[in-house]
Amino acid sequence: MASFAQFGNDLYTGRRQINFIGRRKLWYGITAVLLLIAALGLFGRGLNLSLEFSGGAELKVRGVTNTQNFDTRAQDAVHQATGTEDNLIVTKLGDRDIRIQTEKLGNGTAAATEEVRGALAKEFGVPAAQIDSQFIGPSWGETVTRKAVQALLWFLALLSVVLALYFRTWKMALAAIVAVIHDLFFTVGIYALTGFEVSPATMIGFLTILGYSIYDTVVVFDKVRENTHEAFVTGQRNYDQAANYAVNQTLVRSINTTVVALLPIGAILVVGFTMLGPGTLLDLSLSLFIGIAVGAYSSIFIATPLLADLRRGEPAIKELAARAKAYQTSQRAALTEADTPRATPGESASGVVEPERAAAAAAARATRTKKRETHPLARLDRDRDR
Amino acid sequence: MATRNRPSRTNGHPKAVLLTLVALIVALFAGIGATTVLGDAKGQWTPKLGLDLEGGRQITLEPVIGEGSQKINSGQVERAVDIIRKRVDGTGVSEAEVTTLGERNIVVSLPGEPSKEILNSLSRSSALSFRAVIASTRNEPPTRTLPQPPSVPKATASPSASGSTSPSASPTVSSAPSSSSTGANGVYPQAFPAAATPTPTPSMTAGATQSPTTATANKPKNPSDPAWAQQPVSAVWVKGGVVDQGSTYQDLLQEYSCTDNETRLIASNAPAGQPVVMCDQTQQNKFLLGPVEVKGDSITDATSGPETNQQGVQTGGTQINLKFNDAGKKAFGAMTTRLAALQSDADRNRSAIIVDGQVLEALGTREPITNGEAQITGGFTPASGKLLADELKFGALPFSFTQLTNDQISPQLGQDQLQKGLLAGAVGMLLVVLYSLFQYRVLGLVTVASLVISALFTYGLVTFLGYANNFRLTMAGVTGLIVAIGVTADSFIVYFERVRDEVRSGRPLRSAVETGWQRARRTIIISDVVNFLASAVLYILSEANVKAFAFTLGLTTLIDIVVVMMFTHPLLTLLARTKFFGSGHKWSGFDPDRLGAKGVTYAGRGRVTIADRRRAAAGGQI
């Protein structure tokens with residue numbers, strides 16, 4: 001892993017830089033395409049909502065020894081118990097479990113579900129305690145959804161305030177919120193596209209993604225703030241470069257964090273898929289897995305470029321850009337004069353000059369102090385020193 | 001600079017901070033230990049599990065509003081929770097939980113597999129009503145021991161009940177009421193106009209006292225008519241196995257057992273137009289009651305306050321004031337007019353307030369109350385008066401409930417889920433440990449230690465909250481805990497990366513830890529605040545499962561801050577003083593060479609970096 005550490009070092013010192021901000025049009029384009037696909041899925045295919053949202057009944061017969069003809073046997077048992085011809089979906093889970101799902105069982109009451117439970121226990125020769133039943137009234141899903149949407153809106157509102165106060169600029173808050181909404185939309189879109197079932201547990205996952213995604217963005221923005229603050233003081237980099245440098249410097253941390261967050265969730269996913277089957281654990285972890293991955297993407301590729309775009313028009317930013325340009329032009333001139341090694345990619349993207357080159361440039365500058373006195377831009381440097 | 005001074009204050013005593021943390025953990029587990037030994041309800045060493053892990057029945061009830069005109073307020077829902085809780089407790093199910101869900105829904109969690117009767121009793125509307133007392137008798141538990149089939153007691157029991165063999169039973173029973181000694185001793189306007197009542201009494205009592213002899217085979221003339229006792233019982237009693245086909249209500253009065261919850265459930269479901277037998281809350285007395293005369297929903301208001309006499313002077317007692325709507329006024333007027341005329345009959349003078357198959361109070365009637373406002377006085381304390389007033393006001397909820405969800409989870413499934421969940425957690429933890437060892441070398445062990453401390457804290461707090469706040473760990477909660485591993489580990493990553501950044505900039509480790517901490521702390525705090533905010537919003541606004549998840553996530557976020565501040569940072573400060581870390585050993589995770597610190601650049605004036613020193617040592621210089 002020496003190479004990864006080396007990669008981190010290079011990102012940190014600026015020897016190697018990825019131009020996140022400069023190439024933002026590309027990221028925006030990719031994101032737009034992805035969002036369009038998500039929208040197609042969401043509005044075209046729609047979400048595959050679980051039983052909890054539509055209402056209905058689900059029974060799980062566990063530990064069945066004889067699963068021969070389980071479908072017809074289950075159908076018959078249920079129809080006999082309810083006296084109605086309900087549309088049943090009978091599936092076998094694993095080796096010995098049978099699941100029966102229906103939107104309406106008998107007269108659609110909890111009592112009917114109870115009767116069916118008894119009938120199934122008899123048919124499959126298991127004690128009734130081995131049958132899990134779930135009855136959900138039709139308005140349950142609506143309640144859950146309403147609550148979730150409420151929570152979402154409140155969270156976004158509160159978050160905007162907290163972030164605006166912390167970062168002292170509403171633009172950072174806005175960029176972070178946009179990134180969060182992107183994550184949410186995209187994750188839900190993936191659910192629509194793949195047809196994964198959305199259960200209340202999935203919705204919990206969606207809501208948690210909010211927290212995670214924001215968390216990720218906040219860590220990056222914190223560094224952005226630190227770097228841009230420094231840039232305003234020294235005037236050596238413009239806002240874009242300082243922000244880009246910040247993203248690069250936190251990239252290793254972003255990767256590490258995402259991997260560490262995804263590892264336990266991935267473990268749940270594997271256990272869930274192989275051993276448990278559908279349930280709270282699986283639903284929750286799947287949505288989190290997707291959401292966290294998307295969240296890492298958005299904090300790097302969307303939030304920060306967007307922030308730079310939002311702030312570009314500000315007079316202070318423009319002024320900084322002018323100062324940085326002057327500084328970098330003069331430095332480049334000095335570097336050319338000093339005949340230092342080839343420029344690193346970090347220089348244009350993040351305004352970071354490698355230590356060796358910086359030293360050479362400083363030396364070159366020191367030798368031509370006289371000349372610079374007459375340089376029209378020299379005054380800016382001097383102003384700064386004052 | 002202020003920021004430079006601050007670290008030295010906290011970090012000057014990393015050992016003290018670590019010791020405080022150890023003390024905290026010891027205190028936490030000592031607290032749990034104390035609950036297991038000393039607690040009222042004994043605490044336990046393991047977290048309380050939610051229904052989905054423990055197995056059992058969970059039902060969500062939603063109120064059904066009758067005409068849409070009435071809005072349900074939170075007081076009513078709270079009251080409904082109380083009533084349902086009483087019902088559940090009354091059925092003898094232990095460890096049942098009744099909680100509100102959102103503004104109006106109610107969740108009932110019952111461990112194990114509850115019977116059908118219990119389930120039915122939950123969603124039944126809590127119908128409070130008034131019935132006239134026809135007869136009463138003491139409940140005598142020994143007569144009804146265990147397995148006697150319904151037919152046997154019918155033959156043997158009749159002699160045992162105080163001389164009630166004859167068909168004209170009511171007079172004999174009426175001699176035995178010990179009503180004044182029990183809770184059933186309230187009286188409508190207590191002290192006065194005795195002068196007004198006598199006039200109707202003679203004529204009415206005459207008619208009433210004659211009726212038992214003449215009306216044995218006849219149809220009862222009014223709800224207080226003792227002839228009801230000779231009527232055949234409603235089918236529900238036969239079906240429920242309390243009495244045999246063809247029994248009369250008189251038989252039922254004898255067979256009825258106050259301590260049998262199943263019987264009580266049948267009583268609460270008995271038809272309103274028929275008599276019924278019920279017991280009072282002490283289970284000492286049983287009553288034969290006439291058909292329902294006044295329904296509880298005709299009570300518009302019930303308050304309790306200091307008792308006043310006619311001159312408006314407080315007497316020191318407590319009275320309950322009732323107000324009826326028009327229908328209630330009429331029905332209550334009719335009932336009290338009839339009962340007031342029966343003053344000579346200690347039983348039949350009374351009306352019973354019943355709820356959930358139980359007599360709340362059996363009240364004597366002194367005078368007809370036709371203005372729709374009644375006062376109940378007699379032997380109430382302010383507390384018991386308020387209780388009854390509340391029962392009267394809310395006891396008859398204007399709504400019944402439908403079942404929104406009804407889940408039965410077998411204990412095996414819950415166990416299975418929990419085991420697999422814990423397995424996933426263990427695997428996840430292991431992967432995180434491996435990854436951090438890979439990335440941070442020996443430093444990864446600090447992560448492991450921190451995670452272990454976090455796990456200790458979490459386990460302790462979840463267990464303790466299970467005792468203190470009845471917090472139950474559900475599957476969603478377990479998932480929250482597993483997910484939190486990632487959040488917790490991230491704090492260390494942010495911190496370590498910051499320290500590494502400082503090392504890269506050429507600082508020696510000891511000062512890199514301090515400056516790195518200064519910067520990382522801000523980030524860790526704000527990101528934890530955001531995370532906590534998310535879980536707080538989720539916790540406040542959401543319901544059921546989401547709440548449990550949000551709670552564990554919020555809890556672990558707080559634990560994360562504590563652990564980073566009080567464990568990881570002090571530990572790292574101490575480690576930075578060791579030779580292994582301080583000199584940037586190859587495996588320490590802080591090797592300056594590996595981190596690319598060249599040692600010449602950012603070290604600043606007069607500062608010598610580790611890399612410098614090492615190079616100097618290699619070159620034989622000092």
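Since this is a predicted model, take the numbers as computed values, not measurements. (Residues numbered from 1 in each chain as written. Chains lettered and ligands numbered in written order. Predicted model: local features only at pLDDT ≥ 70, side-chain atom pairs only at ≥ 80, totals over all residues. Heavy atoms only, no water.)

Quick notes on the overall build of chain B
Then comes step 1: Secondary structure assignment for chain B yields 20 helices and 12 strands.
Then comes step 2: Restricting to contacts in chain B with at least 6 residues of sequence separation, those with at least 24 account for 73%.
Then comes step 3: Accessible surface, chain B as shown: approximately 26,200 Å² in total, 59% of it carbon and sulfur. (Helix = DSSP H or I, 4+ residues; strand = E, 2+ residues; numbered from the N terminus. Contact = heavy atoms within 4.5 Å. Areas by Shrake-Rupley, 256 points an atom, 1.4 Å probe, with all protein chains shown as cover.)

Observations regarding helix H10 (residues 251-276) of chain A
All names here are of chain A.
Then comes step 1: Under the 1.5 Å per step criterion, the end-to-end length of H10 is 35 Å for 26 residues, consistent within 8% with the ideal 38 Å.
Then comes step 2: Counting buried residues along H10, 19 of its 26 residues qualify, which places the element largely inside the surrounding structure.
Then comes step 3: Backbone geometry just downstream of H10 places Gly-277 in the positive-phi region, at approximately 80°. (Expected span 1.5 Å × (residues − 1). Buried < 20%, exposed > 50% of the residue type's maximum accessible area, 1.4 Å probe, protein only.)

Side note on the nonpolar core
Then comes step 1: Ranked by size, the top nonpolar core spans 91 residues in total, and within it A:Leu159, A:Leu163, A:Ile214, A:Phe221 and A:Val224 carry the most contacts.
Then comes step 2: Here A:Phe221 is in contact with A:Phe167, A:Met172, A:Ala175, A:Ala176, A:Ala303, A:Thr304 and A:Leu307, once residues within four sequence places are set aside. (Core = buried A, V, L, I, M, F, W, Y, C linked by side-chain atoms within 4.5 Å.)

Notes on the packing of aromatic side chains
Residues and elements named next belong to chain A.
Then comes step 1: Under the counting rule described, the total for this entry stands at 16 aromatic pairs over all chains.
Then comes step 2: When the ring of Phe-167 is compared with that of Phe-221, the centres are 6.0 Å apart and the planes differ by 75°; the resulting orientation is edge-to-face. In this pair, Phe-167 is assigned in helix H6 (residues 140-167) and Phe-221 in helix H8 (residues 200-234), connecting sequence segments 54 residues apart. Here Phe-167 matches Phe-221 in class, with each residue buried.
Then comes step 3: Ring centres of Tyr-191 and Phe-206 lie 5.2 Å apart, and the angle between their planes is 90°; on these two criteria the pair is classed as edge-to-face. A residue pair is termed long-range when its members are at least 10 positions apart, and Tyr-191 in helix H7 (residues 170-194) and Phe-206 in helix H8 qualify at 15 residues. (Phe/Tyr/Trp six-rings, centres within 6.5 Å; stacked < 30°, edge-to-face > 60°.)

Notes on the UniProt feature "transmembrane region" (unreviewed entry) in chain B
All names here are of chain B.
Then comes step 1: The feature "transmembrane region" (unreviewed entry), as given by UniProt, occupies residues 421-438, 445-467, 473-496, 524-542 and 548-576 in the numbering adopted here.
Then comes step 2: Here residues 473-496 runs as 92% helix and 0% strand, with 32 Å between its end C-alpha atoms.
Then comes step 3: As annotated, residues 548-576 has a helix share of 100% and a strand share of 0%, and its two end C-alpha atoms lie 40 Å apart. (UniProt positions renumbered as here; feature names shortened; annotations may be inferred.)

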